[in-house]
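Residue strings, one per chain:
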Amino acid sequence: GLVPYSIRYFRHHVWLNEYHPISEANLLDLDGRAEAAMARYRMPDSESRPAVLVAIAYPSVPTAETAHRQNTTALLPGAEDGLMRTDDGTWQVCLRADDHVVVVAGAADREAAAGLLETCAPGRAEQETGKPR
């Protein structure tokens with residue numbers, strides 16, 4: 001479901017918000033040291049706009065933990081299993097695995113968000129909660 005020519009690589013939060021606005025604040029702590037990749041994905045049988053997947057590699061686990069906590073606290077308060085329906089009616093999820101953070105934003109439904117996350121981080125959706133999403 002990768003949208004052709006949609007992959008972007010960057011190290012600063014301004015580029016994240018230029019491509020897919022998430023927050024004016026630097027919630028994912030992109031300060032030039034972390035390496036981020038972003039792409040749009042169209043889900044099968046979906047006519048809605050593509051979801052966005054952001055994968056970020058941080059220089060250390062504590063930096064990734066901070067970014068994950070900041071993003072989740074600000075954008076996903078009260079999220080069930082890290083997955084939440086946002087104000088615009090789309091779904092977002094944020095997951096940390098060691099020194100990496102993966103965000104899926106703008107998914108049409110819960111299954112699309114979890115499915116795209118599973119594509120990027122196989123098995124992690126179940127490991128985080130101990131049960132499948």
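Before going into details, it helps to say that this report is about the structure given with it. Since this is a predicted model, take the numbers as computed values, not measurements.

## Considerations on the pattern of salt bridges
Okay, step 1: Following the criterion strictly, the structure yields four salt bridges and no others.
Okay, step 2: With its nearest N and O atoms 2.9 Å apart, the salt bridge here joins R33 to D31.
Okay, step 3: In this structure R33 comes out as partly exposed when scored by relative accessible area, which is 49%.
Okay, step 4: Overall, the relative accessible area of 38% leaves D31 in the partly exposed class.
Okay, step 5: For R96, the salt bridge identified is with E65, shortest N-O distance 3.8 Å. Of this pair, R96 sits in strand β5 (residues 91–97) while E65 is found in helix α2 (residues 61–75), placing the two residues 31 residues apart along the sequence.
Okay, step 6: Overall, the relative accessible area of 34% leaves E65 in the partly exposed class.

Conventions we followed
Residues numbered from 1 in each chain as written. Predicted model: local features only at pLDDT ≥ 70, side-chain atom pairs only at ≥ 80, totals over all residues. Heavy atoms only, no water. Salt bridge = Lys/Arg side-chain N within 4 Å of Asp/Glu carboxyl O. Buried < 20%, exposed > 50% of the residue type's maximum accessible area, 1.4 Å probe, protein only. Helix = DSSP H or I, 4+ residues; strand = E, 2+ residues; numbered from the N terminus.

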